[in-house]
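Observations on chain architecture
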Amino acid sequence: MLSAIQDRRSIRVFLEKPVPRALVEEVLLAGSLAPSSKNRQPWRFLVAEGRAKESLLEAMDRGLEREGRSPLLPGSAAYRSGAENTRRIMAQAPVVILVINPLGQPLDRPLDPEERVYEICNAQSLGAAVENMSLAAWDLGLGSLWICDTYFAYRELMDWAGGSGELFAAFALGYPGEAPPPRPRKSLGKIVEWRDGN
Ligand SMILES: Cc1cc2nc3c(=O)[nH]c(=O)nc-3n(C[C@H](O)[C@H](O)[C@H](O)COP(=O)(O)O)c2cc1C
């Protein structure tokens, strides 16, 4: 097995050390090399550093505040404090990449079955891209955190991003400031069912 698959961890503490642009570009290239449904490559990457990252965090703050008042995700209120923590991690990471699906539908628009399948296929493609980025980052000696808590600031971050589509994820990147132990995984015995026809 590739060592990056075995050893990669989500990193939530970053060193105050800038990441050379060439390494960020290599991570983005790894994302762009992912397979995608019908080779649609449904991705756009917005790389925020420095002052731009500060304004992204301000958008995240506006979203977290608005989510308390007028929630877009009322059923997820219990996870909002976790999102505050993720926001602190984003503040620490020298680079935050917003991953946008330019072909995505608005979050509150009902989908017919065909549109839903199209969304599911694009989401799989985007997941492959972000996983490639995570593994490439690890292989380059960088740490990353795949982030979906950004959904608590969905509208605000999409306004920040500009353009159309949907927010898929954020990706915090930097030099790791921690070495977490492996998080538990379900054993194959619990999640795999073999069928051999007998
Ligand atoms: C789709 C997705 C969304 C995630 N969102 C967050 C997040 O918003 N905040 C966070 O701290 N971790 C987030 N994570 C990281 C997971 O918590 C982590 O992958 C999981 O606990 C397993 O740990 P490991 O990545 O170190 O193996 C996310 C991971 C994935 C794949």
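Just above, that's the structure.
Okay, so let's go over this structure. Small disclaimer: the values here were computed from a predicted structure and weren't measured.

1. A closer look at the overall build of the protein
A tally of helices and strands in the protein yields seven helices and four strands. In the protein, the succession of α and β elements from N to C terminus is α-α-β-α-α-β-α-β-α-β-α. Computed over the C-alpha atoms, the radius of gyration of the protein is 18 Å, within 12% of the 16 Å expected from 2.2 N^0.38 for a compact globule of 198 residues. Along the first, second and third principal axes, the C-alpha atoms of the protein reach 60 × 45 × 35 Å. A buried classification covers 30% of the 198 residues belonging to the protein. Excluding contacts between residues fewer than 6 apart, the proportion of contacts in the protein whose partners are at least 24 apart in sequence is 83%.

2. Digging into the nonpolar core
In terms of nonpolar packing, the biggest core is built from 42 residues, with V96, V99, A170, F171, A172 and L173 touching the most fellow members. At the level of elements, α2 (21–32), α3 (50–69), α4 (80–92), β2 (95–101), α5 (113–139), β3 (143–147), α6 (154–161) and β4 (166–174) are the ones that each hand at least two residues to this core. For L173, the residues in contact, after removing those within four places along its chain, are V19, V24, V27, A93, V95, I97, A137, L142 and S144.

3. Some words on the environment of S144
Tracing the backbone shows S144 in strand β3. It is 27 Å that separates the C-alpha atoms of S144 and L72, two residues lying 72 residues apart in sequence. Ignoring any residue separated from it by four or fewer positions in sequence, one finds S144 in contact with I11, M133, S134, A137, F171, A172 and L173.

4. Remarks on unusual backbone geometry
Positive phi values are uncommon outside glycine, yet K38 reaches one of about 55°. Looking at the secondary structure, you find K38 in the loop between α2 and β1 (44–48). Of note, Q41 is a non-glycine position whose phi angle comes to about 50°, a positive value. Among the secondary structure elements, Q41 is positioned in the loop between α2 and β1.

5. Describing the site of the ligand
Neighbouring the ligand are R9, S10, R12, T86, L145, W146, I147, C148, D149 and R183. If one sorts the elements of the shell around the ligand by residue count, β3 sits on top with three residues. For the shell around the ligand, the class distribution of residues is four nonpolar, two polar and four charged.

6. Quick look at the packing of α3 against α6
Between α3 and α6, the shortest axis-to-axis distance is 7 Å and the interhelical angle comes to 150°. In terms of their interaxial angle, α3 and α6 are classed as roughly antiparallel. Here α3 runs over α6; the crossing is right-handed. Facing S55, L56, A59, M60, R62 and G63 of α3, the residues of α6 in contact are Y154, R155, E156, L157, D159 and W160. In terms of residue class, the contact of α3 with α6 is made up of six nonpolar, two polar and four charged.

7. Re the sheet that holds β4
A sheet is described by the order of its strands in space; here four strands give the open sequence β1-β2-β4-β3, paired in antiparallel fashion. At either end of the open sheet lies a strand with only one pairing partner, and these are β1 and β3. On average, each strand axis in the sheet is tilted by 20° relative to the strand beside it, whichever way the strands run. Here β1 pairs with β2 via five bridges, running antiparallel. Within β2, the position partnered with V47 by the bridge is I97. Strand contacts of α2: β1, β2 and β4, with the helix running at about 160° to β1, the strand carrying the most contacts. Most of the contacts of α5 go to β3, to which it runs at about 160°, and overall it touches β2, β3 and β4.

So, how was this worked out
- Residues numbered from 1 in each chain as written.
- Predicted model: local features only at pLDDT ≥ 70, side-chain atom pairs only at ≥ 80, totals over all residues.
- Helix = DSSP H or I, 4+ residues; strand = E, 2+ residues; numbered from the N terminus.
- Rg over C-alpha atoms; globule rule 2.2 N^0.38 Å.
- Buried ≥ 20, exposed ≤ 12 C-beta atoms within 10 Å, placed from the backbone.
- Contact = placed C-beta atoms within 7 Å.
- Core = buried A, V, L, I, M, F, W, Y, C linked by C-beta atoms within 7 Å.
- Near = placed C-beta within 6 Å.
- Nonpolar A, V, L, I, M, F, W, Y, C, P; charged D, E, K, R; others polar.
- Axes fitted to C-alpha atoms, helices over the stretch in contact; angles between N-to-C directions.
- Parallel < 35°, antiparallel > 145°, perpendicular 65-115°, else oblique.
- Left-handed = near helix turned anticlockwise from the far one by under 90°.
- Pairing = 2+ DSSP bridges.

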